[in-house]
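# Summary of structural features
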Amino acid sequence: MDSEENSFIRLPPEEAPLNDGSESPEKLRREIERCKEIYSVLEQDHAKLKAAKEAAEQRTRELKKEGELHNIFEQQLSLNGEEERARQIFALKEENNRLWQEKQVLKNKLEELKKRVLWNDPLMVLRTLPEKKMIFKGLTVNKEHMNSLMLTPLVHYPLPGGSALITFEEAKVAQRIIEMREHTVELNCGELEELDQCRLRVQAAPVDILLPSALEIRLTQSRRSILVSDLPSLDTSKEALLDKLELFFSKRKNGGSEVESREFLEDTDQVVLTFTEDGVAELLIERGHIQMPIGKGKYKVKISPCMSGDISNLQLQPSRCPRTVLLLGIPDVLSEESMRDALEIHFQKASRGGGEVDALAYVPAGRTGVAVFVEDRG
């Protein structure tokens, strides 16, 4: 807008009157020019005022139109707000379910990659095997049997959340289910309200595990430890029995010396005693047996060398479970028991490609489980 100073019309100064009072042509021309300049200034001010008026009217119309549109928008939000929120919630649920299924697929791919790495590099398994203390209780009769070792597979298979293991009575049924890959399971357990959630899709995959085909163990006899066995079964705690053993074998007159450590072997009634000095264990092992007082009586206990073994070579062979199928991508929409029943009902129907189910284990989403595979002697 124009400033206050520009709102005034500046008129040129009037000419001083002639001394003789007569109106000359020159004076008239100057007066006409001055009037023209005043008129031009007035025309400019008029044009500016007109433009300002039109702009104000245009802005008024725009504000009015914006107000009308705002009222219409508020009315639509009021009418359709609940429906829109419901659509948004449903879309979020769908997106969440899709992301969860993608996450499960990525987890399964990661497990497959880990298995392939282990198959290609069995030495990695040696570094991950836990240390296990064992006692050999067998007898060797013939020399040809001394280098043979029978292994009984006991495989722990991790199960991710939202999965199930199903074992059929016949291997051909499991193979058929795997070949179909994706399965639509009906959920008719009365726990769901929305009809579009009464079905779920699950993926079927084979179960591949690693089994040892060859094993070499390097044995070393401890120079300071002995294995004490044939201990009596008395009404006393393990800690009290360890105290009595340490007290007896720490005395020189019994052939021992200071005991550095003592412990029961896991799942056995045998004790490993470790001395602080070399040579003590060898002399006790040569004796084989020794009489020692325990409680009110004397008992003959056996002394054996303490052997430690290191796996020097392990060869693994991939093996596929012929009757077991892994089901993936199971959402947490039913209780554990209801979901297990729904899966078993679906996969035992011949019309769905299934058959008689021997066993089924289900792990809900958000949890993990471990399945133990033993040798199938059937």
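Here's a quick rundown of the structure.

Parameters and conventions
- Residues numbered from 1 in each chain as written.
- Predicted model: local features only at pLDDT ≥ 70, side-chain atom pairs only at ≥ 80, totals over all residues.
- Heavy atoms only, no water.
- Helix = DSSP H or I, 4+ residues; strand = E, 2+ residues; numbered from the N terminus.
- Buried < 20%, exposed > 50% of the residue type's maximum accessible area, 1.4 Å probe, protein only.
- Contact = heavy atoms within 4.5 Å.
- Areas by Shrake-Rupley, 256 points an atom, 1.4 Å probe, with all protein chains shown as cover.
- Arc of directions from axis to C-beta.
- Phe/Tyr/Trp six-rings, centres within 6.5 Å; stacked < 30°, edge-to-face > 60°.
- Lys NZ or Arg CZ within 6 Å of the ring centre and 35° of its normal.
- Core = buried A, V, L, I, M, F, W, Y, C linked by side-chain atoms within 4.5 Å.
- Expected span 1.5 Å × (residues − 1).
- Polar contact = N/O pair within 3.5 Å; in protein donor to acceptor, adjacent residues only side chain to side chain.
- Salt bridge = Lys/Arg side-chain N within 4 Å of Asp/Glu carboxyl O.
- Patch = residues over 30% accessible without salt bridge, like charges linked within 9 Å, V, L, I, M, F, W, Y side chains within 5 Å.
- Pairing = 2+ DSSP bridges.

### Digging into the overall build of the protein
Within the protein, the regular secondary structure consists of six helices and ten strands. Counting over 378 residues, the protein shows a buried share of 26%. Residue pairs in contact within the protein that sit at least 24 positions apart in sequence constitute 74% of those at least 6 positions apart. Of the roughly 27300 Å² of accessible surface on the protein, a fraction of 52% belongs to carbon and sulfur atoms.

### Structural notes on the environment of Glu260
Along the chain, Glu260 turns up in strand E5 (residues 259-264). Expressed as a C-alpha distance, the spacing of Glu260 and Leu273, which sit 13 residues apart in the sequence, is 7.7 Å. Apart from residues lying up to four places away in sequence, Glu260 is in contact with Arg224, Thr274, Phe275 and Thr276.

### Quick notes on unusual backbone geometry
Here Arg181, not a glycine, exhibits a phi torsion of approximately 65°, which is positive. Here Arg181 shows up in the loop between helix H3 (171-180) and strand E3 (182-186). With relative accessibility at 64%, the residue Arg181 sits in the exposed group. Although it is not a glycine, Asp230 adopts a positive phi angle of roughly 60°.

### A few points about helix H5 (residues 280-287)
Within H5, the full set of buried residues consists of Val280, Ala281, Leu284 and Ile285. Buried positions in H5, seen along its axis, are confined to an arc of 125° and lie on one side of it. More than 90 degrees from the buried face of H5, the exposed residues found are Leu283 and Glu286. Where H5 is buried, its residues touch strand E4 (199-229), helix H4 (238-249), strand E6 (271-275) and strand E8 (297-328).

### Thoughts on the packing of aromatic side chains
Per the counting criterion, the structure on display carries one aromatic pair. Residues Phe248 and Phe249 carry aromatic rings whose centres are separated by 5.1 Å and whose planes lie at 85° to one another, so their mutual orientation is edge-to-face. The class of Phe249 is buried, set by a relative accessible area of 0%. Directly above the aromatic system of Phe264 lies the positively charged group of Lys238, at a separation of 5.0 Å from the ring centroid.

### Focus on the nonpolar core
Judged by nonpolar contacts, the single largest core of 23 residues is most densely connected at Phe168, Val325, Leu327, Leu343 and Phe347. Listing elements by their share of this core, those giving two or more residues are strand E2 (163-168), H3, E4, E8, helix H6 (336-347) and strand E9 (357-363). Non-local contacts of Phe168, meaning those with residues more than four positions away in its chain, are made with Val173, Ala174, Ile177, Arg323, Val325, Phe347, Gly355, Glu356, Val357 and Asp358. By size, the runner-up hydrophobic cluster in this structure holds 22 residues, among which are Val228, Phe248, Leu273 and Ile294.

### Quick notes on H4
Compared with the 16 Å implied by 1.5 Å per residue over twelve residues, the 16 Å span of H4 between its first and last C-alpha is a close match. Listed in full, the buried residues belonging to H4 are Leu241, Leu242, Leu245, Phe248 and Phe249. For H4, the arc enclosing every buried residue in end-on projection is 130°, short of the 170-degree limit, so these residues lie on one face. Looking at the buried positions of H4, the neighbouring elements they touch are E4, E5, E6, H5, strand E7 (289-294) and E8.

### Details of the side chain of Thr167
Along the chain, Thr167 turns up in strand E2. Of the residues examined, Thr167 reaches a relative accessible area of 16% and is grouped as buried. In this structure the side chain of Thr167 is engaged in a polar contact, spanning 3.0 Å, whose partner is the side chain of Thr324. With near-sequence residues (within four places) excluded, Thr167 lies in contact with Arg323, Thr324, Val357, Asp358 and Ala359.

### So, the pattern of salt bridges
Enumeration according to the criterion identifies 18 salt bridges in this entry. One salt bridge in this structure joins Glu62 and Arg59, with 3.4 Å as the shortest N-O distance. Of the two residues, Glu62 and Arg59 are both situated in helix H1 (residues 25-120); the distance of three residues between them amounts to about one turn of the helix. Its relative accessible area of 35% is what places Glu62 among the partly exposed residues. Across the pair Arg367 and Glu336 runs a salt bridge whose closest N-O atoms are separated by 3.3 Å.

### Some details on a nonpolar patch on the surface
Nonpolar side chains collect at one region of the surface, where Leu154, Val370, Val372 and Val374 lie side by side and expose about 380 Å² of accessible area between them. Per element, the largest residue contribution to the nonpolar patch is three residues, and it comes from strand E10 (residues 369-374). In this structure, Leu154 sits in strand E1 (residues 154-159).

### Focus on the pairing of E10
Successive residues of a regular strand alternate their side chains across the two faces of the sheet. Taking every second residue as pointing to the same face, the buried face of E10 carries Gly369, Ala371 and Phe373, while none of Val370, Val372 and Val374 on the other face is buried. Note that E1 and E10 share six bridges and pair antiparallel. Within E10, the residue paired with Val155 across the bridge is Phe373.

### Remarks on the environment of Ile178
Structurally, Ile178 can be placed in helix H3. When the C-alpha atoms of Ile178 and Thr324 are compared, they prove to be 9.6 Å apart, with 146 residues separating the residues in sequence.

### A closer look at the side chain of Ser229
Mapped onto the elements of the fold, Ser229 is located in strand E4. Residues in contact with Ser229, not counting those within four places in the same chain, are Gln270, Val301 and Lys302.

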